[in-house]
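# Observations on the model geometry
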Amino acid sequence: MTESQVVNATARVRQMTDLTERLTACLIEESKAFEARRPQDAAATVAATQELANAYRRESAQLKANPTAIAAAPAPLRDALIKATRLFEAVLSRHAHAVEAARVISEGLVKTIAAEVASQRGSPSAYSASGHANAGDGRAVALNRTA
């Protein structure tokens, strides 16, 4: 291997390790917000996390397509990348569970509110005894099943 290959591979490994660690840190903070039942606190960092996630996806896809790009890097740096990636995967799993729990809670609240509003309206009757249409309740409720 040439010296330039080693330098380039070392730089790529360090860059990927840094990116992985930064993304992991963002996901940890967002997970804490979701677990504390304060998803609004995570909203401030969503754009930055998404940007890091997109960069991570691109970089990891490139490395997967061409693993020789980092083969010349020193073993301790590659090991550090592996360790950072394992931690990232564990944090990502935790984050996914926290987001899913927040989604389930939000959907449950929306369904409960919609059911309460519907029960407050009473049962509709389309026509009165005289055959004329009854005036309906003018209030409307929209229930979107996605959170």
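Quick summary incoming for the structure in this document. Quantities reported herein were computed from a predicted structural model and do not represent experimental measurements. (Residues numbered from 1 in each chain as written. Predicted model: local features only at pLDDT ≥ 70, side-chain atom pairs only at ≥ 80, totals over all residues. Heavy atoms only, no water.)

## Notes on the overall build of the chain
On a plain count of helices and strands, the chain comes out with four helices and zero strands. Along the chain, helices (α) and strands (β) appear in the sequence α-α-α-α when read from the amino end. Taken over 147 residues, the chain has a buried fraction of 24%. For the chain, long-range pairs separated by at least 24 residues make up 75% of all intrachain contacts whose partners lie at least 6 apart in sequence. Carbon together with sulfur atoms contributes 58% to the accessible area of the chain, which is approximately 10300 Å² in total. (Helix = DSSP H or I, 4+ residues; strand = E, 2+ residues; numbered from the N terminus. Buried < 20%, exposed > 50% of the residue type's maximum accessible area, 1.4 Å probe, protein only. Contact = heavy atoms within 4.5 Å. Areas by Shrake-Rupley, 256 points an atom, 1.4 Å probe, with all protein chains shown as cover.)

## Looking at the packing of aromatic side chains
The full count for this structure, using the stated rule, is one aromatic pair. Between Tyr-56 and Phe-88 the ring centres are 4.7 Å apart and the planes differ by 45 degrees, which places this aromatic pair in the tilted class. Within this pair, whereas Tyr-56 is found in helix H3 (residues 46-65), its partner Phe-88 is found in helix H4 (residues 75-121), the two being separated by 32 residues in sequence. Across the pair, exposure class does not vary: Tyr-56 and Phe-88 are buried alike. (Phe/Tyr/Trp six-rings, centres within 6.5 Å; stacked < 30°, edge-to-face > 60°.)

## Here we look at the nonpolar core
In this structure, Met-16, Leu-19, Leu-23 and Tyr-56 are the most contacted members of the largest nonpolar core, which totals 17 residues. Broken down by secondary-structure element, the contributors of at least two residues to this core are helix H1 (3-35), H3 and H4. With six residues, H1 is the largest single contributor of residues to this core. Residues within four places of Tyr-56 in sequence aside, it is in contact with Met-16, Leu-19, Thr-20, Leu-23, Thr-85 and Phe-88. Membership of the second largest hydrophobic core comes to five residues, among which are Phe-34, Ala-42, Ala-98 and Ala-102. (Core = buried A, V, L, I, M, F, W, Y, C linked by side-chain atoms within 4.5 Å.)

## Comments concerning H1
Taking 1.5 Å of rise per residue, 33 residues should cover 48 Å, and H1 covers 47 Å from first to last C-alpha, within 8% of that figure. Once H1 finishes, Arg-37 follows within two positions and takes phi at roughly 60 degrees, a positive value. (Expected span 1.5 Å × (residues − 1).)

## Looking at the environment of Ala-44
By the secondary structure assignment, Ala-44 is in the loop between helix H2 (39-43) and H3. You can call Ala-44 exposed: its relative accessible area is 71%. The spatial distance from the C-alpha of Ala-44 to the C-alpha of Glu-30 is 9.4 Å, given a sequence separation of 14 residues.

## Re the side chain of Thr-49
Turning to its location among the elements, Thr-49 is positioned in helix H3. Engagement of the side chain of Thr-49 in a polar contact is seen with the backbone oxygen of Thr-45, the distance being 2.9 Å. (Polar contact = N/O pair within 3.5 Å; in protein donor to acceptor, adjacent residues only side chain to side chain.)

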